Amino acid sequence: MPNGFIVTVEQTPTVHATTLQEGDTFTLVGNDSPLTILTKRRHLQPLWLLGLEGHLSPITLRDEEPIRPLRMLRAFDLICQLCPRTGRRVLDLPVHGLPQAWVCDQH
């Protein structure tokens, strides 16, 4: 992907459990122990069954349950705001925030 700069907005300190994906790391509100998701599958509406790294038994979370994300890698296809160039960038949402705009290195 061409270089340039991305304008982002900070992600909220807590998000709903439904936004989690395999590979994400998070903590439960009121608990500082990091949890990394190995598997995620729907268990009964509105519950998710999460297999966690280092845990023998899975846990369940409600869709709307607030969690504190620590690592959420997401790929975004971005279009330069000044020309038709496109590129893909992987951002860690708790660290980098949500992308709003990208300007490539040609401008």
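For the structure itself, consult the block above.
Residues numbered from 1 in each chain as written. Predicted model: local features only at pLDDT ≥ 70, side-chain atom pairs only at ≥ 80, totals over all residues. Heavy atoms only, no water.

1. Description of the side chain of E65
Basically, it comes down to this: Here a strand is any run of E in DSSP of at least two residues, a helix any run of H or I of at least four, and the numbering for each starts at the N terminus. For the exposure calls, accessible area comes from a 1.4 Å probe over protein chains only, and a residue counts as buried if that area is under 20% of its type's maximum, exposed if over 50%, partly exposed in between. A contact between two residues is defined here by any heavy atoms of the two lying within 4.5 Å.
By the secondary structure assignment, E65 is in the loop between strand 6 (59–62) and strand 7 (66–71). In this structure E65 comes out as buried when scored by relative accessible area, which is 19%. The contacts of E65, once residues within four sequence positions are left out, are V15, H16, A17 and L28.

2. Thoughts on the pattern of salt bridges
Rules: Here a salt bridge means any side-chain nitrogen of Lys or Arg lying within 4 Å of a carboxyl oxygen belonging to Asp or Glu.
Counted according to the given criterion, the structure contains 5 salt bridges. Ionic pairing is found between D24 and R74, a salt bridge with its closest N-O pair at 2.7 Å. In this pair, D24 is assigned in the loop between strand 2 (15–16) and strand 3 (25–28) and R74 in strand 8 (residues 73–79), connecting sequence segments 50 residues apart. For R42, the salt bridge identified is with D63, shortest N-O distance 2.8 Å. With R42 in strand 4 (residues 35–44) and D63 in the loop between strand 6 and strand 7, the pair connects residues that are 21 residues apart, well separated along the chain.

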